[in-house]
Amino acid sequence: MRITWVTDDRSAPSVVEYGTSPGEYTAASETGYQTSYQFLSYTSGAIHHVTIGPLEPGTTYYYRCSRAGDEFSLRAPPATLPIEFVVIGDVGQTEWTASTLSQIGAAADHDHDMVLLPGDLSYADSQQPLWDSWGRLVQPLASARPWMVTEGNHEKETLREPDTNRPARRFVAYNARWRMPHEESGSSSNLYYSFDASGGKVHVVMLGSYAELEDRSMEQQQAWLRRDLAAVDRRRTPWLLVLMHVPWYNTNRAHQGEAENMRRAMESLLYEARVDVVFASHTHAYERFARIYDNKANSQGPMYITIGDAGNNKAHKFISDHELAHLSLFREASFGHGRLRIIDNRRAIWTWHRNNDEDAAVSDEVWLESLASP
């Protein structure tokens, strides 16, 4: 598990002490490194990254950072199924965001093991202190479970240096603050990567909708994706999930056709690998499609779900007579969050929880069968 935190004190040690009992850090003490970045007149605090472990699956650990301050606790994901993922996108820092996060944290009867976030985190949009306030906002949840994220358009934060011929820099804050395991998955970019969960029963691929801005081409990510999917043995890994920011299928008025080039380049790879579910965000609404391949219903294609409704800004509206409307099984311009509970090698259940007053109402529910099932 990688622990990341920020301190104003640049002399604070990049050390995490941890153990399995509160206040007793007897398991180990790990040392990492610190970095920082500048964005115009803003200079970040010391950003510490420390990897701890190996950890016992399903075990709660208590830890503190820099040998001082508050104690936190985290629970390592399970080594076997079942496992439950919370999926949220386009989070932001609004009252709706606070409501969504509160409902996720309050669901004691439906606890989760990991959060998957397909882009648009803080909506700092070059106002760097908003990264710090967003960190404080999500800290109660992000300190207790793994948060696996990929970038959205609001993470680009293009920085052009005046009076130089240097190319524009993008994703400066995102790459400094949110280090994902791309090296471990053979990716050359922090904007796309993959990882296993539940002892390899689940393989999760996080794609970068804007990675070509960093790599200068889509071919590099496409080649990595081909290698990554080819290495997945579906007899050992019955569940294959993909996340990206910009949806390939979308009947919303917002962001029509923005990912068409990416879809044409990569959709066949997902179809041939029998990906089970594809999550996206970008549109501030919820939408669940049938299984699709190449704009047609296909029982062997992925189920596409748009979950960009965690709370930022206003909800986007749908096109009633969109040409793909017959493939859109449920859509609603409301805020909420999703949960994917993978029960065993064959079955999973997806639920979407609408933010409804003080309770997260279950408004959409569907059972899934793994495409690796005989």
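Described below are features of the structure shown in this document. All values derive from a computational prediction rather than experimental measurement.

What counts, and where the lines are drawn
- Residues numbered from 1 in each chain as written.
- Predicted model: local features only at pLDDT ≥ 70, side-chain atom pairs only at ≥ 80, totals over all residues.
- Heavy atoms only, no water.
- Helix = DSSP H or I, 4+ residues; strand = E, 2+ residues; numbered from the N terminus.
- Rg over C-alpha atoms; globule rule 2.2 N^0.38 Å.
- Buried < 20%, exposed > 50% of the residue type's maximum accessible area, 1.4 Å probe, protein only.
- Contact = heavy atoms within 4.5 Å.
- Areas by Shrake-Rupley, 256 points an atom, 1.4 Å probe, with all protein chains shown as cover.
- Core = buried A, V, L, I, M, F, W, Y, C linked by side-chain atoms within 4.5 Å.
- Phe/Tyr/Trp six-rings, centres within 6.5 Å; stacked < 30°, edge-to-face > 60°.
- Axes fitted to C-alpha atoms, helices over the stretch in contact; angles between N-to-C directions.
- Parallel < 35°, antiparallel > 145°, perpendicular 65-115°, else oblique.
- Nonpolar A, V, L, I, M, F, W, Y, C, P; charged D, E, K, R; others polar.
- Pairing = 2+ DSSP bridges.

### Comments concerning the overall build of the protein chain
Here is step 1: On a plain count of helices and strands, the protein chain comes out with six helices and 23 strands.
Here is step 2: Radius of gyration (C-alpha) of the protein chain: 20 Å, near the 21 Å computed for a compact globule of 374 residues.
Here is step 3: Its C-alpha atoms give the protein chain principal-axis dimensions of roughly 60 × 55 × 45 Å.
Here is step 4: For the protein chain, the proportion of its 374 residues judged to be buried stands at 56%.
Here is step 5: Partitioning the contacts of the protein chain with sequence separation of at least 6, the portion at a separation of at least 24 is 69%.
Here is step 6: When the accessible area of the protein chain is evaluated, it comes to approximately 16,000 Å², of which 46% is carbon and sulfur surface.

### A few points about the nonpolar core
Here is step 1: Counting residues in each nonpolar core, the largest one holds 87 residues, and the members touching the most others are Ile-88, Trp-147, Val-202 and Trp-350.
Here is step 2: Not counting chain neighbours up to four residues away, the residues in contact with Ile-88 comprise Thr-100, Leu-101, Ile-104, Val-115, Leu-116, Leu-117, Pro-118, Trp-147, Ile-307, Ala-310 and His-337.
Here is step 3: Counting 13 residues, the second-largest nonpolar core is a separate cluster that includes Ile-3, Val-50, Tyr-63 and Phe-72.

### A short note on the packing of aromatic side chains
Here is step 1: Within this structure, the stated rule accounts for 16 aromatic pairs.
Here is step 2: For the pair Tyr-37 and Tyr-42, a centre-to-centre distance of 5.9 Å together with 40° between the ring planes defines the contact as tilted. Taken as a pair, Tyr-37 and Tyr-42 share a single burial class, namely buried.
Here is step 3: Here the aromatic rings of Tyr-193 and Phe-195 are separated by 6.4 Å at their centres, their planes lie at 25°, and the arrangement is stacked. No difference in accessibility class separates Tyr-193 from Phe-195, as the two residues are buried.
Here is step 4: These aromatic residues form a ring-pair network of at least three members: Trp-248, Tyr-249, Phe-289 and Tyr-304.

### Digging into the packing of helix H5 (residues 219-230) against helix H6 (residues 260-272)
Here is step 1: Taken N-terminus to C-terminus, the directions of H5 and H6 make an angle of 10°; their axes are 10 Å apart at the nearest point. For the element pair H5 / H6, the angle class is roughly parallel. Here H5 contributes Gln-221, Gln-222, Leu-225, Arg-226 and Leu-229 to the contact with H6, which in turn contributes Met-262, Ala-265, Met-266, Leu-269 and Leu-270.
Here is step 2: Looking at the contact of H5 with H6 residue by residue, the class counts come to seven nonpolar, two polar and one charged.

### Side note on the sheet that holds strand S11 (residues 114-118)
Here is step 1: The strand order S12-S11-S10-S21-S22-S23 describes an open sheet built from six strands, whose pairing is mixed. The open sheet has two free edges, formed respectively by strand S12 (147-150) and strand S23 (359-369), since each of these has just one partner strand. Between one strand and the next, the sheet's axes are offset by a mean angle of 20°, whatever the strand orientation.
Here is step 2: Of the pairings in the sheet, the one linking strand S10 (residues 83-87) to S11 comprises three bridges and is parallel in character. Within the sheet, the bridge partner assigned to Val-87 lies in S11 and is Leu-116.
Here is step 3: Those strands touched by helix H1 (residues 95-106) are S10, S12, strand S21 (336-342), strand S22 (347-356) and S23, and its axis lies near 135° from that of S22.

### Some details on the environment of Pro-247
Here is step 1: Looking at the element boundaries, Pro-247 is found in the loop between strand S15 (239-243) and H6.
Here is step 2: Judged by relative accessible area, Pro-247 falls into the buried class, the value being 5%.
Here is step 3: For the pair Pro-247 and Ser-281, spaced 34 residues apart in sequence, the C-alpha to C-alpha distance is 6.4 Å.
Here is step 4: In this structure, Pro-247 is in contact with Ala-259, Ala-280, Ser-281, His-282 and Thr-306, ignoring residues within four places of it in sequence.

### Let's talk about the side chain of Asn-312
Here is step 1: Relative to the elements of secondary structure, Asn-312 occurs in the loop between strand S19 (303-307) and strand S20 (328-332).
Here is step 2: Sequence-distant contacts of Asn-312, defined by excluding residues within four places in its chain, comprise Asp-90, Val-91, Gly-92, Gln-93, Thr-94, Thr-97, Tyr-123, His-284 and Phe-335.

### Some thoughts on unusual backbone geometry
Here is step 1: Of note, the bond from Gly-53 into Pro-54 is cis; its omega dihedral lies within 30 degrees of zero at 5°.
Here is step 2: Checked against the element boundaries, Pro-54 lands in the loop between strand S7 (46-51) and strand S8 (60-65).
Here is step 3: Of note, the bond from Leu-81 into Pro-82 is cis; its omega dihedral lies within 30 degrees of zero at 10°.
Here is step 4: With respect to the helices, strands and loops of the structure, Pro-82 is situated in the loop between strand S9 (68-75) and S10.
Here is step 5: Although it is not a glycine, Arg-274 adopts a positive phi angle of roughly 60°.
Here is step 6: For Arg-274, a relative accessible area of 25% puts it in the partly exposed group.
Here is step 7: A positive phi angle is found at Asp-294, which is not glycine, with a value near 50°.
Here is step 8: For Asp-294, the position within the fold is in the loop between strand S17 (286-293) and strand S18 (296-297).

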